Amino acid sequence: MDGYIKEIQEGLIEGDAEVVKNLTEQALNMGISADVIMANALIPMMEEIGNEFRNGNIFIPEVLMSSRAMHASLYVLKPLIVESKIKRKKGLVIIGTVAGDLHDIGKNMVSMTLQGDGYEVIDLGIDVPASSFVSAILRYKPDVLAMSALLTTTIGEMRYVTQSIVNEGIRDRIKIVVGGGPVTQDYVEEIGANGYGKDVFGAIDTVNKLLGNKVGYFNV
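Quick caveat, the model's predicted, so the values are computed rather than measured.

**Quick word on the pattern of salt bridges**
A side chain of one charge can pair with a side chain of the opposite charge if their charged atoms are brought near each other.
1) Next: Scanning the entire structure with this criterion turns up 3 salt bridges.
2) Next: Here glutamate 25 ties to lysine 21 by a salt bridge, and the two come within 2.9 Å at their closest N and O atoms. Of this pair, glutamate 25 and lysine 21 both sit in helix H2 (residues 17–29), separated by 4 residues, roughly a single helical turn.
3) Next: A salt bridge links aspartate 123 to lysine 107, with the nearest nitrogen and oxygen atoms 2.7 Å apart. With a gap of 16 residues between them, aspartate 123 in strand E2 (residues 119–123) and lysine 107 in helix H5 (residues 105–116) connect regions that are remote in the sequence.

**Observations concerning the sheet that holds strand E5 (residues 195–197)**
Hydrogen bonds between backbone atoms are what pair the strands of a sheet, whose relative direction is either parallel or antiparallel.
1) Next: One open sheet accounts for 5 strands, arranged E2-E1-E3-E4-E5; its pairing is parallel. Only two strands of the sheet have a single partner each, and these edge strands are E2 and E5. When strand polarity is set aside, the average angle formed by the axes of neighbouring strands in this sheet is 25°.
2) Next: As defined by bridge partners, strand E1 (residues 91–97) adjoins strand E3 (residues 144–148) across 5 bridges and the pair is classed as parallel.

**Some details on the packing of helix H1 (residues 2–14) against helix H3 (residues 34–54)**
Axes are the key here: two packed helices are described by the angle between their axes and the distance separating the axes.
1) Next: Look at H1 against H3: their axes get within 10 Å of each other, and the N-to-C directions meet at 30°. By the criterion of interaxial angle, the relationship of H1 to H3 is roughly parallel. Between H1 and H3 the crossing geometry is right-handed. Across from Ile5, Ile8, Gln9, Leu12 and Ile13 in H1, the residues of H3 making contact are Val36, Ile37, Asn40, Ala41, Leu42, Pro44, Met45, Glu48 and Ile49.
2) Next: Its residues assigned to classes, the contact of H1 with H3 comprises 11 nonpolar, 2 polar and 1 charged.

**A closer look at the nonpolar core**
1) Next: Ranked by internal contacts, the top residues of the largest apolar core, which has 42 residues, are Ile8, Leu42 and Met109.
2) Next: Of all the elements, H3 adds the most residues to this core, at 11 residues.
3) Next: Residues in contact with isoleucine 8, not counting those within four places in the same chain, are Val20, Leu23, Thr24, Ala27, Ile37, Ala41 and Leu42.
4) Next: Residues Phe133, Val178, Val183 and Ile191 belong to the second largest nonpolar core, which totals 27 residues.

**Quick notes on H2**
1) Next: An ideal rise of 1.5 Å per residue puts 18 Å on 13 residues; H2 measures up with 18 Å between its terminal C-alpha atoms.
2) Next: All of the buried residues in H2 are Val20, Leu23, Thr24 and Ala27. Looking down the long axis of H2, one finds its buried residues gathered within 105° of arc, a one-sided arrangement. More than 90 degrees from the buried face of H2, the exposed residues found are Glu18 and Asn29.
3) Next: A positive backbone phi angle near 95° is found at glycine 31, which sits one or two residues after H2.

About the cut-offs
Residues numbered from 1 in each chain as written. Predicted model: local features only at pLDDT ≥ 70, side-chain atom pairs only at ≥ 80, totals over all residues. Heavy atoms only, no water. Salt bridge = Lys/Arg side-chain N within 4 Å of Asp/Glu carboxyl O. Helix = DSSP H or I, 4+ residues; strand = E, 2+ residues; numbered from the N terminus. Pairing = 2+ DSSP bridges. Axes fitted to C-alpha atoms, helices over the stretch in contact; angles between N-to-C directions. Parallel < 35°, antiparallel > 145°, perpendicular 65-115°, else oblique. Left-handed = near helix turned anticlockwise from the far one by under 90°. Contact = heavy atoms within 4.5 Å. Nonpolar A, V, L, I, M, F, W, Y, C, P; charged D, E, K, R; others polar. Core = buried A, V, L, I, M, F, W, Y, C linked by side-chain atoms within 4.5 Å. Buried < 20%, exposed > 50% of the residue type's maximum accessible area, 1.4 Å probe, protein only. Expected span 1.5 Å × (residues − 1). Arc of directions from axis to C-beta.

By themselves, these are just geometric observations and shouldn't be taken as functional.
Written as structure tokens, this is what we have:
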């Protein structure tokens, strides 16, 4: 098992989407579960890539290549993870990366893991303006709004989105969860959000706690 996990991690670092996709399929064929691949290969590497970017050790082109490779693995895993928990519907979550930010690795991991944990998820994508978040809330009436940002220059958008929701008069209808490298608990309190996830696991636990659902997804 460790061999496949390590090779998938190396493929992610190199940004080789075809290799990562093939290795993911091979790992599944060898009996390694989708949960194990997520928890031991994808999530740790997503965190490492994010840290390397924030520390200036890698740059946008490398991040985009790794993101593409990550998507290749998620393409293979998503049906298995979502279908394994399809009978449970714990709530509806709208998720998106805030305006000005084009990063989606963490958002995509949280989105898929939420689906695997029994949530219906509407992903608005990247570079989402406040008006689109508000429109989606009015249209879909979700239980949770989840926002992500990787850059210190874009986390200010989270405050703007939250204030836009307040101005619309719908703040009491929804829980707001934020995440991304620059986000801290102090910032959550500063903008009036309900919670944040330091990582993928933390994000899922926070959503579960806010909605009174059982905490804990991965059993690996």
